[in-house]
Amino acid sequence: MSEFLAELSEDLNSIRQQGLYRELRALESPQAPRIRIAGREYLSFSSNDYLGLANHSRLKQTAIDAIEHFGAGAGSSRLVAGTLAPHQDLEQALAQFKGTEAALCFCSGYAAAVGVIGALLGRSDVIVIDKRAHACIIDAARMSGAKLRAFAHNDLDGLEHILQWANGNSVRGSGGRSTRVLVVTESVFSMDGDCGRLAEIVELKNRYGAWLMVDEAHATGLYGEHRRGLAEAYGIGDQIEIQMGTLSKAVGSSGGYIVGARILIEFLVNRARSFIYSTAPPPAAVAAARAGIEIIQSDEGARRCRAVWDRVAELMDGLSRLKRPTNSAASDGSKSAIIPLLIGDEGEAVTIASALRERGVFVPAIRYPTVARGAARLRLSVTADHTSADIQQLLTALAQADEASRQDALPN
Ligand SMILES: *Cc1c(COP(=O)(O)O)cnc(C)c1O
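Residues numbered from 1 in each chain as written. Predicted model: local features only at pLDDT ≥ 70, side-chain atom pairs only at ≥ 80, totals over all residues. Heavy atoms only, no water.

Visitor: Break down a negative patch on the surface for me, with residues and values.
Guide: On the surface, Glu 3, Glu 7, Glu 10 and Asp 11 cluster together into a patch of negative charge. Take Glu 10: it is sitting in helix α1 (residues 3–17). (Patch = residues over 30% accessible without salt bridge, like charges linked within 9 Å, V, L, I, M, F, W, Y side chains within 5 Å. Areas by Shrake-Rupley, 256 points an atom, 1.4 Å probe, with all protein chains shown as cover. Salt bridge = Lys/Arg side-chain N within 4 Å of Asp/Glu carboxyl O. Lys, Arg positive; Asp, Glu negative; His and termini not counted. Charge placed at Lys NZ, Arg CZ, Asp CG, Glu CD. Helix = DSSP H or I, 4+ residues; strand = E, 2+ residues; numbered from the N terminus.)

Printed below as a string of structure tokens:
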């Protein structure tokens, strides 16, 4: 073996020893409550396809039509010749849906975060994030070169301390402008399923003259009267400078977006490197995303959204009967379609996940580095297409897996 491969395989061994090894499993079916892997069917609680749109007939047909009209690939970056009619249609639909002046789509949510943060901040600036913010926000912060400060999850005192420090350290940057301070948080946290304290964060960032960016990846389509997200539910959409999200979760397609003021979007078209130096998203994806947004706003969207919350209530109810500790979200009254079962030990989480698979239920074990070490969990995500019977099947499998692990723990 070459030195190169020997070194990598040593790293892989260490990953295995820590119970952190991961591998890919290919689905032989579309994303749905019932998935097929290696010839076997599983009841799945592992997708972010909250509204069941990823395999929806209208999204599929819209994507097919877009391919017929505009081809398989966009063929160019947006600013060169890759802006096709479906891109503009999607951006108009997004702005209208979110109630903002303008919108810009990216190839992924990850690319949106990297693009916007890199465009706004440089070395003389400060970025302040919740410790549990998504990896794309952390990576974007690092790439921007801004000073990165993190506050403990949802700790407003911690945030205020940092904002005080940032104001005390504000200097004239190289371009003559003063230090920018950007606070970034998620609205619904992807691995904890609890909600950011957005109203209080808005109040703080206003008091200290900072800007706010909110990642609505897990809230778009699920919260607020028009299902715009948590910013709408809290009535603070117009106080957030930058709203971001993804088209790959509840919207059912692929891609990321930023919505906000027209000037912000114009600025990003000129400055966001992940937007400028990347081929435009394919016509099928943007057309399907637009169809997803239209469904979210329709009666069907309202019905699908209600189904999610009905199933979440059934699952929470069943888990409390199983005396299963879940996240803190339930205790503060907020809710989400993400319900983590905290396990702690990485190996144990993997064992329970495989016990569930033996019982025909597919649930991912989430481990470091996605969450902190010793904070491994089973992450259940509920979708509109799950039935009450599916929830009961999951609860039964969980009870059996618990029972089996108790038996294993008994001394012989
Ligand atoms: C999934 C996710 C993203 C990235 O979105 P993609 O479109 O999948 O790249 C960003 N932020 C959060 C909180 C996410 O969960």
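Okay, back to it.
Visitor: Account for the packing of helix α5 (residues 109–120) against helix α10 (residues 262–271), naming residues and giving values.
Guide: At a closest axis distance of 10 Å, the pairing of α5 and α10 adopts a crossing angle of 95 degrees. For the element pair α5 / α10, the angle class is roughly perpendicular. Contacts between α5 and α10 involve Val 116, Ala 119 and Leu 120 on the former and, on the latter, Phe 267, Leu 268 and Arg 271. Looking at the contact of α5 with α10 residue by residue, the classes come out as 5 nonpolar, no polar and 1 charged. (Axes fitted to C-alpha atoms, helices over the stretch in contact; angles between N-to-C directions. Parallel < 35°, antiparallel > 145°, perpendicular 65-115°, else oblique. Contact = heavy atoms within 4.5 Å. Nonpolar A, V, L, I, M, F, W, Y, C, P; charged D, E, K, R; others polar.)

Visitor: Please give an account of the packing of aromatic side chains that cites residues and values.
Guide: Throughout the structure, instances matching the rule amount to 3 aromatic pairs. Relative to Phe 275, the ring of Phe 106 has its centre 5.7 Å away and its plane inclined at 65 degrees; by these criteria the two rings are edge-to-face. Remark: Phe 275 occurs in helix α11 (residues 273–276) and Phe 106 occurs in strand β3 (residues 102–106); sequence separation between them is 169 residues. The pair Phe 106 / Phe 275 is uniform in exposure class, with both members buried. On the numbers, 5.3 Å between centres and 65 degrees between planes, the contact of Tyr 223 with Trp 309 is edge-to-face. Linking Tyr 223 in the loop between β7 (211–215) and α9 (230–233) with Trp 309 in helix α13 (residues 299–321), this pair joins segments that are 86 residues apart in sequence. Taking relative accessible area as the criterion, Trp 309 reaches 14% and is therefore assigned buried. One residue, Lys 335, lies across the ring of Trp 309, its end atom 4.3 Å from the ring centre. (Phe/Tyr/Trp six-rings, centres within 6.5 Å; stacked < 30°, edge-to-face > 60°. Buried < 20%, exposed > 50% of the residue type's maximum accessible area, 1.4 Å probe, protein only. Lys NZ or Arg CZ within 6 Å of the ring centre and 35° of its normal.)

Visitor: Explain the site of the ligand to me, using residue names and the numbers behind them.
Guide: Taken together, 14 residues lie near the ligand, and Gly 109, Asp 215, His 218, Thr 246 and Lys 249 sit nearest. Within the side chain of His 218, one N or O atom sits 2.5 Å away from an oxygen atom of the ligand. At 2.6 Å, a side-chain N or O of Lys 249 approaches an oxygen atom of the ligand. In the complex, 84% of the free accessible area of the ligand, which totals 370 Å², lies under the protein chains. (Near = heavy atom within 4 Å. Polar contact = N/O pair within 3.5 Å; in protein donor to acceptor, adjacent residues only side chain to side chain.)

Visitor: Lay out the pairing of strand β1 (residues 34–37) in plain terms, naming residues and giving numbers.
Guide: The two faces of β1 differ: Ile 35 and Ile 37 on one face are buried, but Arg 34 and Arg 36 on the other face are not. As paired strands, β1 and strand β2 (residues 40–44) are joined by 4 bridges and run antiparallel to one another. Looking at β2, one finds that Arg 36 is bridged to Glu 41. Hairpin connection between β1 and β2: a loop of 2 residues separates the two successive antiparallel strands, and Ala 38 in this loop has a positive phi of roughly 50 degrees. (Pairing = 2+ DSSP bridges.)

Visitor: Kindly report on the sheet that holds strand β12 (residues 365–366), identifying the contributing residues and their values.
Guide: Paired through backbone hydrogen bonds, the strands of a sheet run either parallel or antiparallel to each other. As summarised here, the arrangement of the 3 strands in space is β10-β13-β12, forming an open sheet in which the pairing is antiparallel. Looking along the sheet, the strands with just one partner apiece sit at the ends: β10 (338–344) and β12. As paired strands, β10 and strand β13 (residues 376–381) are joined by 6 bridges and run antiparallel to one another. Along β13, the bridge assignment pairs Leu 342 with Arg 377. Sitting on the sheet, α13 is in contact with β10 and β13, with an inclination near 25 degrees to β10.

Visitor: Which residues make up the sheet that holds strand β11 (residues 361–362), and what values go with them?
Guide: Read across the open sheet, the 3 strands follow the order β1-β2-β11; overall the sheet is mixed. Every other strand in the sheet has two partners, leaving β1 and β11 as the edge strands with one partner each.

Visitor: Lay out the nonpolar core in plain terms, naming residues and giving numbers.
Guide: One finds Leu 315, Leu 356, Leu 378 and Leu 380 to be the most contacted residues of the largest nonpolar core, which totals 84 residues. It is helix α12 (residues 283–297) that contributes the most residues to this core, 8 residues altogether. When near neighbours in sequence (up to four residues on either side) are disregarded, Leu 356 contacts Val 361, Val 363, Leu 378, Ala 397, Leu 398 and Ala 401. Core analysis: the next-biggest nonpolar cluster, separate from the first, contains 33 residues, Val 114, Ala 133, Ile 138 and Ile 258 among them. (Core = buried A, V, L, I, M, F, W, Y, C linked by side-chain atoms within 4.5 Å.)

Visitor: How would you explain unusual backbone geometry if you had to name every residue and give the values?
Guide: For the bond running from Tyr 368 to Pro 369, omega is 5 degrees, close enough to zero to count as cis. Among the structural elements, Pro 369 can be located in the loop between β12 and β13. In the Ramachandran plot, Ala 38 falls in the positive-phi region, its phi being about 50 degrees despite a non-glycine side chain. Its identity is not glycine, yet Asn 154 carries a phi of approximately 60 degrees, on the positive side. In this fold, Asn 154 is placed in the loop between β5 (147–151) and α7 (156–168). For Asn 154, a relative accessible area of 12% corresponds to the buried category.

Visitor: Account for helix α6 (residues 135–144), with residues named and values stated.
Guide: All of the buried residues along α6 are Cys 136, Ile 137, Ile 138, Ala 140, Ala 141 and Ser 144. On the buried face of α6, the contacting elements are α5, β4 (126–130), β5, β6 (181–186), β7 and β8 (242–246). Of the residues trailing α6, Gly 145 is marked for its positive phi of about 80 degrees.

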